[in-house]
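This is what each chain is made of:
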Amino acid sequence: MLTYSRQRVSEHSPIRRRKDEHLDICLSRDVEPVLNNGFERWRLEYDAMPELDLQDVELGCTVLGRPLSAPVLIGAMTGGSPRAAELNARLAHAAASLGLGMQLGSQRAMLLHPELSPSYAVRELAPALPLLIGNLGAVQLAIGLDQHCRDSKQVSERLAEALHRVRADAVSFHLNPLHEASQVSGDTRFSGVAQALAEAVRTLHPIPCMVKEVGNGLSARTAAKLAALPLAGVEASGLGGTSWPLVESFRSDPLRARLGRTLSRMGVSTAESLQNCRAAFGERCVIASGGIRNGYDAAIALALGADAVAVARPLLQAAAQDSAEAWLLGFVEELRAVCFACGVRRPAELHTALRQVDARAD
């Protein structure tokens, strides 16, 4: 069992306080603007005579070369405090028990303070976890971590050590300019991020590298820029779920709070972001996230071209109640039932049942 040095962590209380504030806000505040994920424009055609047994639906798939029992991942959320360590442990146990993937929260805290590593080292608690994806802000590649680690190669080398330490199978670099702009002392120097990303992918090879948005989506223009990089895939993460600018509005000064509320509505829906990413990335991996709250949402996302879906805040809430495994099991069984009711044996066939119900432009 991992132990956590509370004495050493207390030396870095600003990091621990920020991580725990984020957890408190996501668990207790309304951080999902009244925005749709875009799936309301689509439906899956019901087949009352599916010519298929429910038990014959096959949800198994491969994501980034790793086999999963269903195309479902726990989204990136937290790390960097004892409380985060406990929640990550519960999430990892749930994912391992059901054969699903998991993404870590940003590992920047771990890179700056290695003593925080136990909050991310979930594979030591759940060795059967089939897919673990590390995480770091893409902007850190361009601006560095601190005065001792300033360029993308140095950051990537330190990240490679951290990924090895937690036994991650891949890494996802998150893009969050709206989040940073709404955060007090946020990292908003995004010039040079594309070049830094390309250098990081080369340095980290053969570790699969992805890029993800954090809840405001990827436009067609951005998806095309990302597709030009040697990435293994992308996570669309559009409007419709948790808004990080809105999260920051609850812990900022009045100016930043106002900014966060305004920026929470900017971006593209999950459905649009997903379609942009699939068009740009071709056969490479595309993960859908952002307001995916049940198995039917997941089925729509898979029908629109996602290889897998990721869910975050509902699972954070479930983990806080020690019920993450039950929540995930219900989600997976909903997806299985939807496939059955559409008369398809595999999620990859759901596109045959997809129908657009509102073709009007946004």
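Right above here is the structure, for reference.
Along each chain, numbering runs from 1 in the same order as the chain's sequence is written. Predicted model: local features are reported for residues with pLDDT of at least 70 only, side-chain atom pairs are reported and counted for 80 or more only, and whole-chain, interface and lining totals are derived from all residues. With hydrogens and water stripped out, all remaining heavy atoms of the structure feed into the side-chain values.

The way it works is that DSSP assigns letters per residue, a run of H or I at least four long becomes a helix, a run of E at least two long becomes a strand, and they are numbered from the N terminus. A count of helical and extended segments in the protein chain gives 15 helices and twelve strands. Our radius of gyration looks at C-alpha atoms and nothing else; its globule reference is 2.2 Å times the residue count to the power 0.38. Computed over the C-alpha atoms, the radius of gyration of the protein chain is 19 Å, within 12% of the 21 Å expected from 2.2 N^0.38 for a compact globule of 362 residues. Projected onto its principal axes, the C-alpha positions of the protein chain cover 65 × 45 × 40 Å. Residues counted as buried form 57% of the 362 residues belonging to the protein chain. Any pair of residues with heavy atoms lying within 4.5 Å of one another is described as a contacting pair. Intrachain contacts of the protein chain at a sequence separation of at least 6 include 78% that bridge at least 24 residues. Buried means the residue's accessible area, taken with a 1.4 Å probe over protein chains only, is under 20% of the maximum for its type, while exposed means over 50%, and partly exposed covers the values in between.

Two elements in contact, helix H3 (residues 82-98) and helix H15 (residues 324-342), have axes whose closest approach is 8 Å; the angle formed by their N-to-C orientations is 40°. Between H3 and H15, the angle is such that the two are oblique. Where H3 crosses over H15, the two elements pack in a sense that is right-handed. Contact residues: Arg90, Leu91, Ala94, Ala95, Ser97 and Leu98 in H3; Ala324, Glu325, Leu328 and Leu329 in H15. Simply put, an axis is a line fit to the C-alpha atoms, just over the touching stretch for a helix, and the angle between two N-to-C directions goes from 0 to 180 degrees. For classification, angles of less than 35 degrees are called roughly parallel, those exceeding 145 degrees roughly antiparallel, those between 65 and 115 degrees roughly perpendicular, and all remaining angles oblique. Put simply, a crossing is left-handed when the front helix is turned counterclockwise from the back one by less than a right angle, and right-handed when it is turned clockwise.

With that out of the way, let us pick up the pattern of salt bridges. Note on pairing: side chains with opposite charge can pair once their charged atoms come close. One speaks of a salt bridge when a side-chain nitrogen belonging to Lys or Arg is within 4 Å of a carboxyl oxygen belonging to Asp or Glu. The tally for this structure, following the rule as stated, stands at 16 salt bridges. The closest approach of N and O atoms between Glu248 and Arg251, which form a salt bridge, is 2.8 Å. A salt bridge links Glu333 to Arg336, with the shortest nitrogen-to-oxygen separation between them at 3.2 Å. One end of the pair, Glu333, and the other, Arg336, are both in helix H15, three residues apart, so they sit about a helical turn from each other. Counted as one network, the salt bridges with shared partners bring together Glu21, Glu248 and Arg251.

Attention now moves to the sheet that holds strand S7 (residues 170-175). Strand pairing is assigned whenever DSSP detects at least two bridges linking the two strands. Pairing within the closed barrel is parallel, and its eight strands lie in the order S4-S5-S6-S7-S8-S9-S10-S11. Between one strand axis and the next, the sheet turns by 25° as a mean value, whatever way the strands run. Relative to strand S5 (residues 101-103), strand S4 (residues 72-74) runs parallel, the two sharing two bridges. Residue Leu73 lies in a different strand from S5, and its bridge partner there is Gly101. Against the sheet, H15 touches S4 and strand S11 (308-311), its axis set at about 155° to S4.

The next subject is the environment of Ser106. Along the chain, the position of Ser106 falls in the loop between S5 and helix H4 (108-112). For the pair Ser106 and Gly79, spaced 27 residues apart in sequence, the C-alpha separation works out to 7.0 Å. Beyond its immediate stretch of four places on either side in the chain, Ser106 contacts Lys19, Tyr120, Asn135, Leu136, Gly137 and His174. Polar contact is the term for a pair of N or O atoms within 3.5 Å; when the atoms are in protein, one must be able to donate a hydrogen and the other to accept it, and sequence-neighboring residues count only if both atoms are side-chain atoms. Polar side-chain contacts of Ser106 include one of 3.4 Å to the backbone nitrogen of Arg108.

Two aromatic rings, drawn from Phe, Tyr or Trp (for Trp, its six-membered ring), form a pair once their centres lie within 6.5 Å of each other, and the interplanar angle then sorts them: stacked below 30 degrees, edge-to-face above 60, tilted otherwise. In total, this model carries one aromatic pair according to the counting rule given. Ring plane angle 20° and centroid distance 5.4 Å describe the contact between Trp327 and Phe331, whose orientation is recorded as stacked. With a gap of four residues between them, Trp327 and Phe331 both fall in helix H15, about one helical turn apart. For Phe331, a relative accessible area of 2% gives the class buried.

When you line up the elements, Asn88 lands in helix H3. In this structure Asn88 touches Thr78, Gly79, Met102, Ser119 and Val122, once residues within four positions along its chain are discounted.

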